[in-house]
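Notes for the structure review
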Amino acid sequence: MNFLLRTIAWMSLLEDNGLINTVLRALGFNGVQLMYNSGAVLLGMVYNFLPFMVFPIYTLLSKMDYRLTEAAADLGCNSWQTLWKVTMPLSIPGIVSGITMVFMPSVTTFFIPRVLGGGNTMMFGDLIEAKLDLVLGNDVTSPVAINEMAKRGFKDVFSTDKIALVMDHFTPNKDIKSAENVKQVRLFAKEKGIKNFFDVGKMGIEHALLPESGLVISGDAVIGADSHTCTYGALGAFSTGVGSTDMAAGMISGKAWFKVPSAIKVVLKGTLPEFVSGKDVILHLIGKIGVDGARYRSLEFTGDGVGALSMDDRFCIANMAIECGAKNGIFPVDDKTLEYISGRTDRQPRIFEADEDAEYDETIEIDLNNLKPTVAFPHLPENTHTVDEIEKIDIDQVVIGSCTNGRIEDMRAAASVLKGRKVKDGVRVIVIPATQKVYLQCIKEGLTEIFVEAGAVVSTPTCGPCLGGHMGILAKGERAVSTTNRNFVGRMGHPESEVYLASPFVAAASAVTGYICSPSQLR
């Protein structure tokens, strides 16, 4: 029976059998659910039935261990009676529960709106299959996905305008290998007619570029072969990072399967004080719950404090949801969201809201009024300290940019601190606008001039130093203050270097003094 069920499931998934899918949908589940849940029948038997069989069968067949025989006698049974009187009754709940999971999957579908499942309802833990609005890859992950497609004989993509390939990690190409990778993706995009291919001159850091270009809007379901794809939750979209093989499957089918996450409700109250930004909000949260505090759960941000946050703040917060293990981070859609989307796309946003009686694993409240500039020490984003707690820590480098803090508000924040000041001798400052549009806006507003006059270098958009790729690699023993999102061992260079995560305000102030500090300390 289990073999038959799983065969039907695979047929529905791999052959796209219309009749089978119609029947499955009528029963209330899809191929993924059938394949997963039907396995519960077998697992129920294995976990509940077989362990109890070991005892009577061994006793029946072996005369070497008298203790087992005596144990059966103590139960008032011989070995066969033990099998039927003890094993079978104890096995029944597992078998029944397994069958129930297969044929009654809808018993857990009355609580949470199914954003990904076409408007139906679902419960956390359900496995669903969702249609994708966008599949994303970059110059590191796309070649792997392309190779997987070729290896399995797939030649066509599901859509030429719902795939985005952004060359941002090692571009402009730092070496021969990165050049070959980009060439492979470039040829693939041309061959398949993929419209959203972003190369040097058009590219930007992917998670800043796609919202800016209107390729992601509210209500979209997005997967990307990059862990910080969760950024788009700022727009009220479901977005999450996947592996390159999942990206390949998404490019082929336009679908992905998900295990529905449970949720943590994060209630934001008040407004941000001076020199405090979205980066401090998310570092505070990660410091509070830890790098695994939201593991495979959804972070749902709500409360009156949301309205006080700019879109750039929200992008920053959603971007780092993965740093506490979250499957995704998501904000409600409000007037600021719709204003941001307006003019960037002809598509109409879809707005999803949590049910009034939605259930959460836990609720966390954050009073924005009480937050202080926060820094994450090596070597985890959870290792947070407020600036007023920090003793003097000398630094060698400052990086201002990335998909976390490379937007125009971040550039303005850094420039407001550096204006009229000079970078400390011995400190290197690298400013990386996240997109060409942000770069141009920096020029128009005079921010680029402020950076250069202060003693910083301004780079073309690139992920570069964030992942230790190029444009700012650290040597042994060096320290950097960075507005990026990770500070793991060796993240920006040598394993014995150190990265301190901070906001553009703190990064810029630290560049001036040569040690970690807040702008308020410059007065």
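Below is a short write-up of the structure. Remember, it's a predicted structure, so these values are computed and weren't measured experimentally. (Residues numbered from 1 in each chain as written. Predicted model: local features only at pLDDT ≥ 70, side-chain atom pairs only at ≥ 80, totals over all residues. Heavy atoms only, no water.)

What follows is about the packing of helix α11 (residues 278–289) against helix α12 (residues 311–319). α12 packs onto α11 with a crossing angle of 25 degrees between their chain directions and a minimal axis gap of 8 Å. Our classification of the angle between α11 and α12 gives roughly parallel. As α11 packs across α12, the resulting crossing turns out to be right-handed. Listed contacts from α12 to Gly278, Lys279, Val281 and Ile282 of α11 are Asp313, Cys316 and Ile317. (Axes fitted to C-alpha atoms, helices over the stretch in contact; angles between N-to-C directions. Helix = DSSP H or I, 4+ residues; strand = E, 2+ residues; numbered from the N terminus. Parallel < 35°, antiparallel > 145°, perpendicular 65-115°, else oblique. Left-handed = near helix turned anticlockwise from the far one by under 90°. Contact = heavy atoms within 4.5 Å.)

Moving on, we get to the environment of isoleucine 146. Among the structural elements, isoleucine 146 can be located in helix α7 (residues 142–151). A sequence separation of 102 residues divides isoleucine 146 from alanine 248, and the C-alpha atoms of the two residues are 6.7 Å apart. Every residue in contact with isoleucine 146, bar those within four places of it in the chain, is listed here: Gln184, Val185 and Phe188.

Attention shifts here to α11. End to end, α11 covers 17 Å across twelve residues, agreeing with the expected 16 Å (1.5 Å per residue, within 8%). Every buried residue belonging to α11 is among Gly278, Lys279, Asp280, Val281, Ile282, Leu283, Leu285, Ile286 and Ile289, and all of these are buried. A positive phi of about 90 degrees marks glycine 290, the residue just after α11. (Expected span 1.5 Å × (residues − 1). Buried < 20%, exposed > 50% of the residue type's maximum accessible area, 1.4 Å probe, protein only.)

Here glycine 241 lies in strand β8 (residues 238–241). Sequence separation between glycine 241 and isoleucine 322 is 81 residues, and the spatial gap between their C-alpha atoms is 8.8 Å. Aside from chain neighbours lying at most four places away, what touches glycine 241 is Gly224, Asp226, Ser227 and Thr229.

This next bit is on the packing of aromatic side chains. Summed over all chains, the structure comprises five aromatic pairs. Residues phenylalanine 238 and phenylalanine 258 carry aromatic rings whose centres are separated by 5.3 Å and whose planes lie at 80 degrees to one another, so their mutual orientation is edge-to-face. With phenylalanine 238 in strand β8 and phenylalanine 258 in strand β9 (residues 255–259), this pair connects stretches of sequence that are 20 residues apart. Taking 4.7 Å as the distance between ring centres and 10 degrees as the angle between the ring planes, the aromatic pair formed by phenylalanine 301 and phenylalanine 331 counts as stacked. Of this pair, phenylalanine 301 sits in strand β11 (residues 297–302) while phenylalanine 331 sits in the loop between β12 (328–330) and α13 (335–341), and the two are 30 residues apart along the sequence. Overall, the relative accessible area of 3% leaves phenylalanine 331 in the buried class. (Phe/Tyr/Trp six-rings, centres within 6.5 Å; stacked < 30°, edge-to-face > 60°.)

Attention now moves to the packing of α7 against helix α8 (residues 176–192). With their axes 9 Å apart at the nearest point, α7 and α8 run at an angle of 55 degrees to one another. Classified by the angle their axes make, α7 and α8 are oblique. Crossing angle aside, the handedness with which α7 passes α8 is left-handed. The residues of α8 that touch α7, namely those facing Ser142, Pro143, Ile146, Asn147 and Met149, are Asn181, Gln184, Val185 and Phe188. Looking at the contact of α7 with α8, its residues break down into five nonpolar, four polar and no charged. (Nonpolar A, V, L, I, M, F, W, Y, C, P; charged D, E, K, R; others polar.)

Now for the pattern of salt bridges. Summed over all chains, the structure comprises 19 salt bridges. Across the pair arginine 297 and aspartate 361 runs a salt bridge whose closest N-O atoms are separated by 3.2 Å. Of this pair, arginine 297 sits in strand β11 while aspartate 361 sits in the loop between α13 and β13 (362–367), placing them 64 residues apart in sequence. Taking the relative accessible area as the measure of exposure, arginine 297 reaches 16% and is therefore buried. Looking at aspartate 361, the relative accessible area reads 41%, which means it is partly exposed. Here glutamate 362 and arginine 297 are joined by a salt bridge, their closest N and O atoms 3.4 Å apart. Here glutamate 362 is found in strand β13, whereas its partner arginine 297 is found in strand β11, with 65 residues between them in sequence. Here the residues in one salt-bridge network are Asp133, Asp220, Arg347 and Arg350, joined through shared partners. (Salt bridge = Lys/Arg side-chain N within 4 Å of Asp/Glu carboxyl O.)

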